[in-house]
Amino acid sequence: MMPEDRWIIYLMFALLTLFISVSFFSDGDKFAEGSANEIYNQTGTNVSNEGPIVNLISRLETGSHESQLDAAAELGQMGQPAADALIEKIENKAAGPGEINNYMLLALLETGDKRAEDVLLRSLQEKEAGWKAVSSMAEEDERGEISEDMLQATEAKDKALRKHIASSLNIDYGEKTDELEEALTSEEQDYNAYVSIALSESGAQEPGNETEKLLRALKSGDGNIRLAAIMALGEGGEEAAVEPINQILKRDYPLVRKSAAFALGKIGSDRAVEVLLKEMKASEEEQVRSSAAISLGKIGSEEAVPYLSERLREGKVDVRSSAALALGMVGDETAVEPLIEVLESGKAEDGRLKSALNTKPEVRKSAVLALGEIGSKEATETLIDVLLDEEEDQEVRKAAVAALGKIGDPEVVDTLSGVLNDAETPLNIKTEVIQTLGKIEDKKAAETLIVRLDDEKFESPARDALAGMGEAAVEPLIECLSGENEDLKTEAALLLIEIGDERAVEPLIHAYQ
């Protein structure tokens, strides 16, 4: 073979190699492109998205509010695969507590899946049925019940009295027992703790049951024993103790008499009312009169109303305050006028002050709480005056807001809205206003709260208030779904799901599909 022939062969081999290489790389690009397309096409399958979907659903279940909203939006972008997972979790009742289920439904809406309407409708129907059952039970429980604000105020009175008794043991009796002091100052009152102290002198063979032994302990020569027996009989609600305790009120040391008036309120019989009325009117001890007033309020004695109203003119702040609280607990509307008088007489008019004692925050707050508890609209104007008075004690103003919420007159919504918009109003009062607006079942109140969903200081209490408002908030929230504010739209959707009103189904589907 000639050299030139070899050169031609080498050249042809090189060209063939180059051709093969080019073909290989070209096919490789096509293969890579095909693989990419396959992966892309699989983004609609559970296989490729299983991990991210699981992670996002986990965020729905455990994240902060903002994180949950972000996760819902991301799930929405995944479309059908996320919808499949969400529907399975919702329908298998595996979504967890109600709040988590709400985020699941929001995420399902975000996917735009056509099945969302049926799933949403069933969920809202279940929620509505649940709300009605809970609401019915709550209404039943609330009849004749004292509000949390009033309970806290009366418990504060009780604690103050028990603390006073505990701190005075060594003064009145020369010594005090650590056990009795601990029992008196304990947050939770323990019947057995008092029994143990009261029967510490009793022998194991002493005849009679526990109550009989406690009644005998009332005659002990040891003041600590007598006091512990009184408290035990009160905690036990022993009606048989009323007459022996009455005798103690006539003759014993002041410290024991104070505990006796307290215990009679726990017993609460008709005879106890008679004894307490007498003590409230005639006792020389301020704390006995105050304790008797609170006890009459706990019993709910309507017979005591005129006598409690008289005590509103008492010369001691503690007794006036206790009488006001007691009138609130009884709830008789005949007390409204004297309670209003307490508040109005504590303000100067034409430079003159009718009552210096009625300027005291303790008295004013008690009167405000009482008016709210009674719930008469007659008190609305007076309570608004208290709220708007910048010189009024802040705790009294807060109590006025709560009282207006108890009364629930829609006419106060504009006033409360103005308080929210006033830059000078303290933050704690504004927060109370938010909570109160939620108790007024009125469209305008709902609209006022919806504005606050965009305010980071109040967004959380505003959400809670709107959710608790129920039906009154539905129409204003539906209106938000067609607005331009996407964040507000999302919050409104979540709240509509929480409230569970079927009227929201069609607007929600329209807004997200």
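Here the structure is shown first, and the text comes after it.
Here's a quick rundown of the structure. Keep in mind it's a predicted model, so treat the numbers as computed, not measured. (Residues numbered from 1 in each chain as written. Predicted model: local features only at pLDDT ≥ 70, side-chain atom pairs only at ≥ 80, totals over all residues. Heavy atoms only, no water.)

Moving on, we come to the overall build of the chain. Summing up its helical and strand segments, the chain has 28 helices and 0 strands in all. Residue burial in the chain is summarised as follows: out of 513 residues, 46% are buried. Within the chain, residue pairs in contact and separated by at least 24 positions form 66% of the contacts whose partners lie at least 6 positions apart. In the structure as shown, the chain presents an accessible area of about 26,200 Å², 48% of it carried by carbon and sulfur atoms. (Helix = DSSP H or I, 4+ residues; strand = E, 2+ residues; numbered from the N terminus. Buried < 20%, exposed > 50% of the residue type's maximum accessible area, 1.4 Å probe, protein only. Contact = heavy atoms within 4.5 Å. Areas by Shrake-Rupley, 256 points an atom, 1.4 Å probe, with all protein chains shown as cover.)

In terms of nonpolar packing, the biggest core is built from 149 residues, with L60, L75, L184, L264, L339, V368 and L508 touching the most fellow members. With residues near it in sequence (within four places) discarded, L339 still touches L312, A324, L327, A367, A370, L371 and I374. (Core = buried A, V, L, I, M, F, W, Y, C linked by side-chain atoms within 4.5 Å.)

This paragraph deals with helix α13 (residues 254-267). Since there are 3.6 residues in each turn of an α-helix, residues three or four apart along the chain are aligned in direction. Look at α13: 20 Å from first C-alpha to last across 14 residues, which is about the 20 Å you get at 1.5 Å a residue. A large share of α13 lies buried, amounting to 12 of its 14 residues. L255, V256, R257, K258, S259, A260, A261, F262, A263, L264, G265 and I267 are the residues of α13 that are buried. G268 sits one or two positions beyond α13 and adopts a positive phi of about 70°. (Expected span 1.5 Å × (residues − 1).)

Moving on, we come to the packing of aromatic side chains. Counted according to the given criterion, the structure contains 0 aromatic pairs. K489 extends its terminal NZ or CZ atom over the ring of Y512, reaching a point 4.5 Å from the ring centre. (Phe/Tyr/Trp six-rings, centres within 6.5 Å; stacked < 30°, edge-to-face > 60°. Lys NZ or Arg CZ within 6 Å of the ring centre and 35° of its normal.)

Together, E333, E337, E341, E344, E349, D350, E378, E381 and D385 make up a region of like negative charge exposed at the surface. At the level of elements, α18 (336-345) and α20 (380-388) are the ones that each hand at least two residues to the negative patch. Classification of D350 by relative accessible area gives exposed; the value is 75%. (Patch = residues over 30% accessible without salt bridge, like charges linked within 9 Å, V, L, I, M, F, W, Y side chains within 5 Å. Salt bridge = Lys/Arg side-chain N within 4 Å of Asp/Glu carboxyl O. Lys, Arg positive; Asp, Glu negative; His and termini not counted. Charge placed at Lys NZ, Arg CZ, Asp CG, Glu CD.)

Moving on: the pattern of salt bridges. The final tally for this structure, using the stated rule, is 27 salt bridges. E155 is the salt-bridge partner of R162, the closest N and O atoms lying 3.7 Å from each other. Judged by relative accessible area, R162 falls into the buried class, the value being 3%. Of the charged contacts in the structure, one is a salt bridge between R452 and D455, with a shortest N-O distance of 3.7 Å. In the salt-bridge network here, residues are joined through shared partners; they are K347, R364, D389 and E392.

We now examine helix α25 (residues 459-469). Considered for burial, the residues of α25 that qualify are P461, A462, R463, A465, L466, A467 and M469. Contacts made by the buried residues of α25 are with α3 (65-78), α23 (427-437), α24 (443-451) and α27 (486-499). Backbone geometry just after α25 places G470 at a positive phi near 75°.

On to the side chain of S355, then. As for its placement among the helices and strands, S355 is situated in the loop between α18 and α19 (361-374). Engagement of the side chain of S355 in a polar contact is seen with the backbone nitrogen of N358, the distance being 3.3 Å. When near neighbours in sequence (up to four residues on either side) are disregarded, S355 contacts R320, S345 and G346. (Polar contact = N/O pair within 3.5 Å; in protein donor to acceptor, adjacent residues only side chain to side chain.)

So, about the environment of A72. Here A72 lies in helix α3. Looking at A72, the relative accessible area reads 0%, which means it is buried. Between the C-alpha atoms of A72 and Y103, which are 31 residues apart in sequence, the distance is 6.8 Å. Excluding residues within four positions of it along the chain, A72 makes contact with L60, Y103, L106, A107 and E110.

The next thing to look at is the packing of α20 against helix α22 (residues 413-421). At a minimum axis separation of 12 Å, α20 and α22 run at an interaxial angle of 5°. It follows that α20 is roughly parallel to α22 by the angle criterion. Here I384, L387 and L388 of α20 lie close against α22, whose contacting residues are T415, L416 and V419. Considered class by class, the residues forming the contact of α20 with α22 number 5 nonpolar, 1 polar and no charged. (Axes fitted to C-alpha atoms, helices over the stretch in contact; angles between N-to-C directions. Parallel < 35°, antiparallel > 145°, perpendicular 65-115°, else oblique. Nonpolar A, V, L, I, M, F, W, Y, C, P; charged D, E, K, R; others polar.)

Quick look at the environment of K457 now. Within the fold, K457 resides in the loop between α24 and α25. Residues K457 and L427, 30 residues apart in the sequence, show an inter-C-alpha distance of 8.8 Å.

Attention now goes to the packing of α25 against α27. Remark: α25 packs on α27, axes separated minimally by 9 Å, with the N-to-C direction vectors making an angle of 40°. Viewed along their axes, α25 and α27 adopt a mutual orientation that is oblique. You can see that α25 and α27 cross each other, and the crossing is right-handed. Contacts between α25 and α27 involve R463, L466 and A467 from the first element and E491, L495, E498 and I499 from the second. (Left-handed = near helix turned anticlockwise from the far one by under 90°.)

Let us now look at the side chain of S309. Considering the arrangement of structural elements, one finds S309 in helix α16 (residues 305-311). Exposure remark for S309: the relative accessible area of 12% places this residue in the buried category. If we ignore the near neighbours within four places in the chain, the residues touching S309 are L327 and P338.

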